[in-house]
Amino acid sequence: MTDQELIHKVHNGSKEALNTIVERYYDEIYRFCLYLTGQETDSYDIAQDVFLRFIKYVDSYEYRNLKGYLLIIARNLCRDYFHHKKDTCDIEDQHSLGAADDRLDHVEESMILWPALQQLPIKQREVIILRIREELRFHEIAKMLGCNVSTVKSRYRLGIKTLKKLLESSG
């Protein structure tokens, strides 16, 4: 069943269709949050909040790309998370937000790429994650982030360049 069909059923009151949406996208939303925050427990909470927010506003949903819409919500909630952390943590605690997570599926990713990715500025990190992990096109990312395609491409190039330098210096 397509996302549009599921949304139509949700608009008509189907809880099963809503459960199908959550089952279909929860893992991807969680991984996206984990890549941005670096915190497993907080990422679970944020992912749950994404779907709670989606449920709250599902009647006004009119987009074609459900996954993109959920990622926008996740991105906004992750930004709120960082603003909250910035307000409540001192500088040393903020640096620990990027600690590697031992439970990632790929050991190499968690040992090498993860710490390097966490050192990137959030705007570059989110573009790289959306492009590589979520396999979105630059124009889709630009639409999600509310900026132009050249800005997205620039953030991507700068992020990849920085990642390469970080990986070369760690290897």
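All of the points below concern the structure found in this document.

The rules we used
Residues numbered from 1 in each chain as written. Predicted model: local features only at pLDDT ≥ 70, side-chain atom pairs only at ≥ 80, totals over all residues. Heavy atoms only, no water. Helix = DSSP H or I, 4+ residues; strand = E, 2+ residues; numbered from the N terminus. Buried < 20%, exposed > 50% of the residue type's maximum accessible area, 1.4 Å probe, protein only. Contact = heavy atoms within 4.5 Å. Disulfide = S-S within 2.5 Å. Axes fitted to C-alpha atoms, helices over the stretch in contact; angles between N-to-C directions. Parallel < 35°, antiparallel > 145°, perpendicular 65-115°, else oblique. Left-handed = near helix turned anticlockwise from the far one by under 90°. Nonpolar A, V, L, I, M, F, W, Y, C, P; charged D, E, K, R; others polar. Polar contact = N/O pair within 3.5 Å; in protein donor to acceptor, adjacent residues only side chain to side chain. Phe/Tyr/Trp six-rings, centres within 6.5 Å; stacked < 30°, edge-to-face > 60°. Lys NZ or Arg CZ within 6 Å of the ring centre and 35° of its normal. Salt bridge = Lys/Arg side-chain N within 4 Å of Asp/Glu carboxyl O.

### Things to note about the overall build of the protein
Broken down by element type, the protein carries 9 helices and 0 strands. From first element to last, N terminus to C terminus, the protein shows the α and β order α-α-α-α-α-α-α-α-α. In the protein, which comprises 171 residues, the share counted as buried stands at 42%. Intrachain contacts of the protein at a sequence separation of at least 6 include 58% that bridge at least 24 residues.

### Section: the state of the cysteines
Here a disulfide denotes a covalent bond joining the sulfur atom of one cysteine to the sulfur atom of another. Scanning the entire structure with this criterion turns up 0 disulfides. Residue C33 stays outside any disulfide, its sulfur separated by 3.9 Å from that of C78, the closest cysteine.

### Considering the packing of helix α2 (residues 15–37) against helix α3 (residues 40–57)
Any two packed helices are characterised by how steeply their axes cross, that is the angle between the axes, and by the distance between the axes. At a minimum axis distance of 8 Å, the contact between α2 and α3 shows a crossing angle of 140°. Looking at the two axes, α2 sits oblique to α3. In this structure, the crossing between α2 and α3 has a hand that is right-handed. Where α2 approaches α3, its residues L18, I21, V22, Y25, Y26, I29, Y30, C33, L34 and T37 are matched on the opposing element by E40, S43, Y44, I46, A47, Q48, V50, F51, F54 and I55. A per-class count over the contact of α2 with α3 returns 16 nonpolar, 3 polar and 1 charged.

### Thoughts on the packing of helix α7 (residues 122–133) against helix α8 (residues 138–145)
At a minimum axis separation of 10 Å, α7 and α8 run at an interaxial angle of 135°. Between α7 and α8, the interaxial angle falls into the category oblique. Remark: the crossing between α7 and α8 carries right-handed chirality. Residue-level contacts link E126, V127, L130 and R131 of α7 to F138, I141, M144 and L145 of α8. Across the contact of α7 with α8, the residue classes tally to 6 nonpolar, no polar and 2 charged.

### So, the side chain of D3
Residue position: D3 is located in helix α1 (residues 3–11). In terms of polar contacts, D3 uses its side chain to reach the side chain of Y25, at 2.5 Å. Here D3 is in contact with R24, Y25 and L66, once residues within four sequence places are set aside.

### Some points on the packing of aromatic side chains
Inspection of every chain in the model, using the stated rule, returns 4 aromatic pairs. Judged by centre distance (5.3 Å) and plane angle (75°), the ring pair of F138 and Y156 falls under edge-to-face. Of this pair, F138 sits in helix α8 while Y156 is found in helix α9 (residues 149–170), placing the two residues 18 residues apart along the sequence. The class of F138 is buried, set by a relative accessible area of 18%. The residue whose ring lies beneath R131 is F138, and the NZ or CZ to ring-centre distance is 4.6 Å.

### Considering the pattern of salt bridges
Close approach of charged atoms allows side chains with opposite charge to pair. A complete count under the given rule lists 4 salt bridges for this structure. Taking the shortest distance from any N to any O, the salt bridge between E126 and R75 comes out at 3.2 Å. Within this pair, whereas E126 is found in helix α7, its partner R75 is found in helix α4 (residues 66–88), the two being separated by 51 residues in sequence. There is no split in this pair, since E126 and R75 are both buried. Where E126 meets R79, a salt bridge forms, and the shortest distance between an N and an O atom there is 2.9 Å. Of the two residues, E126 is situated in helix α7 and R79 in helix α4; the sequence distance between them amounts to 47 residues. Relative accessible area serves as the criterion here: at 1%, E126 is assigned to the buried category. Linked through salt bridges whose partners overlap, the residues forming this network are R75, R79 and E126.

Any link to function would need more than the numbers given here.
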